[in-house]
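# Structural features, examined
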Amino acid sequence: SRPGTFIFEKRRGMLPRRLLSTARAAQNWAVGNLRAIGIVSPDCAGSGDLWRDRLNCKNVPSATTATGDVTEQKVYLDNTTLRVFQQDDGLASAFQGTAPPTGINFLTLEVNSLMGALPTFNERGVKVLDTPPMLPTESEDSSVFLDPKTNFGVLFQLVDAAEPSEQPAASASDKKWSISNLNHVAIAVPDLEAAMKYFNEALGADVSDVHALPEHGVYTSFVDVGNTKLELLHPYGDKSPIANFLAKNKLGGIHHVCVEVDDIEAALKDVSANGPRPLAPSTKIGAHGKPVLFLHPKDCDGILVELEEV
């Protein structure tokens, strides 16, 4: 097919959009909210400073916490939590090996019945890690980690849904701009059909139609996880920026996170002067029709951060 054409309903039995919700309804469980994003940093306290003082997140505790040998800094966005772990011997012990590299390490998704979900995973060949990370938890709920090899390069932690925990009070701020919600987590996938089908049939999520965005070099589809979205990205054309990412990450993986800001021009002026470094000298209109700005991953714990004005 010519560039810009993507055929779904006729290839390998991909479900038409009208049938996706029917398949989901036949299950007795489903994924819910994205409770947390697990991040590994060489400097937890420095990560707290980054999100509090330079990215103007309104709710970042001033101190890290330690559970056993694992040091953690929490960053509270309006709709989810970033859990930043110190990359040291304590974390290496928690991962039963060596400390993982910096950047996003895992996504925590809630399910309405973890015990109901497990047999479904087995039926669909989704592998649970035999030796999961032994990370601190906020409750007595059980959890499982899914093998990234069967999840497009992403380490998912699944936990039973719970009432949102009370966040510390946000500090007052006189900044000209601030971060509010996590808009989406973008996952690059080598096979968009398979990814859409997987998130719908194996994880029970609602999945959108495919959108071709030739000006951005991507096909996209969104996975609804309640409080936010997962954006599935697939290359469009030979010059797609996602193609280079997939060349280095054959299974796929987390490409970037997008957070919402209330004044992106003020954000651009601020980060241009004080960091983290923007990847471009000006904002541009992003894939959702709103002004966006990307920040250098080397300044953000190895994470490509997208700011989007709302």
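Scroll up to find the structure this text is about.
Conventions used here
Residues numbered from 1 in each chain as written. Predicted model: local features only at pLDDT ≥ 70, side-chain atom pairs only at ≥ 80, totals over all residues. Heavy atoms only, no water. Helix = DSSP H or I, 4+ residues; strand = E, 2+ residues; numbered from the N terminus. Contact = heavy atoms within 4.5 Å. Areas by Shrake-Rupley, 256 points an atom, 1.4 Å probe, with all protein chains shown as cover. Pairing = 2+ DSSP bridges. Axes fitted to C-alpha atoms, helices over the stretch in contact; angles between N-to-C directions. Buried < 20%, exposed > 50% of the residue type's maximum accessible area, 1.4 Å probe, protein only. Salt bridge = Lys/Arg side-chain N within 4 Å of Asp/Glu carboxyl O. Phe/Tyr/Trp six-rings, centres within 6.5 Å; stacked < 30°, edge-to-face > 60°.

What follows concerns the overall build of the chain. Counting its regular elements, the chain contains 7 helices and 16 strands. Considering only contacts within the chain whose residues lie at least 6 apart along the sequence, 66% involve residues at least 24 apart. Approximately 14,500 Å² of the chain is accessible, and the part contributed by carbon and sulfur atoms is 50%.

Inspection of the secondary structure puts Gly48 in helix α2 (residues 44-54). Taking the C-alpha atoms as reference, Gly48 lies 6.5 Å from Gln73; in sequence the two are 25 residues apart. When neighbours within four sequence positions are excluded, Gly48 is seen to be in contact with Val60 and Gln73.

So, about the sheet that holds strand β2 (residues 65-67). The strands that make up a sheet are held in pairs by hydrogen bonds between backbone atoms, and each pair lies either parallel or antiparallel. Ordered by their spatial adjacency, 7 strands build an open sheet running β2-β3-β4-β1-β5-β7-β6, and the pairing between neighbours is mixed. Either end of the sheet is taken by a strand with one partner, and the two such strands are β2 and β6 (143-146). Going across the sheet, the axis of each strand differs from the next one's by a mean of 30°, ignoring polarity. As paired elements, strand β3 (residues 70-76) and strand β4 (residues 81-86) share 5 bridges and run antiparallel to each other.

Attention now goes to the side chain of Gln157. Relative to the helices and strands, Gln157 is located in strand β7 (residues 156-160). By relative accessible area, which is 6% here, Gln157 ends up buried. Those residues in contact with Gln157, other than ones at most four positions away along the chain, are Phe106, Leu107, Thr108, Leu109, Ser143, Val144 and Phe145.

In this section: the environment of Val305. Here Val305 shows up in strand β16 (residues 305-309). On the basis of relative accessible area, Val305 is assigned to the buried category, the value being 0%. Linking Val305 and Leu293, residues 12 residues apart in sequence, is a C-alpha distance of 8.4 Å. Ignoring sequence-local partners within four residues, the contact set of Val305 consists of Val257, Val259, Leu293, Phe294, Leu295 and Cys300.

Bringing the environment of Asn249 into the picture now. Topologically, Asn249 is positioned in the loop between α6 (241-248) and β13 (253-261). In this structure Asn249 comes out as partly exposed when scored by relative accessible area, which is 30%.

Moving on to the pattern of salt bridges. Taken as a whole, this structure holds 7 salt bridges when the rule is applied. As a salt-bridge pair, Arg35 and Glu110 come within 2.9 Å of each other at their nearest N and O atoms. Of this pair, Arg35 sits in strand β1 (residues 31-41) while Glu110 sits in strand β5 (residues 103-111), placing them 75 residues apart in sequence. Accessibility expressed as a relative area gives 25% for Arg35, which makes it partly exposed. Relative accessible area serves as the criterion here: at 9%, Glu110 is assigned to the buried category. Across the pair Lys127 and Asp130 runs a salt bridge, and its minimum N-O distance is 3.6 Å. Judged by relative accessible area, Lys127 falls into the partly exposed class, the value being 38%. With relative accessibility at 65%, the residue Asp130 sits in the exposed group.

Below, the discussion takes up the packing of aromatic side chains. Across all of its chains, the model carries 8 aromatic pairs by this definition. Each member of the aromatic cluster is reached from another via a ring pair, and the members are Phe152, Phe156, Tyr198 and Phe199.

Moving on, we come to the pairing of β4. Burial analysis of β4 places 6 of its 6 residues in the buried class, the great majority of the element. As paired elements, β1 and β4 share 6 bridges and run parallel to each other. Bridge pairing in β4 places Ile39 opposite Val84. In textbook terms, the turn of a hairpin is the stretch between consecutive antiparallel strands, and for β3 and β4 this stretch comprises 4 residues.

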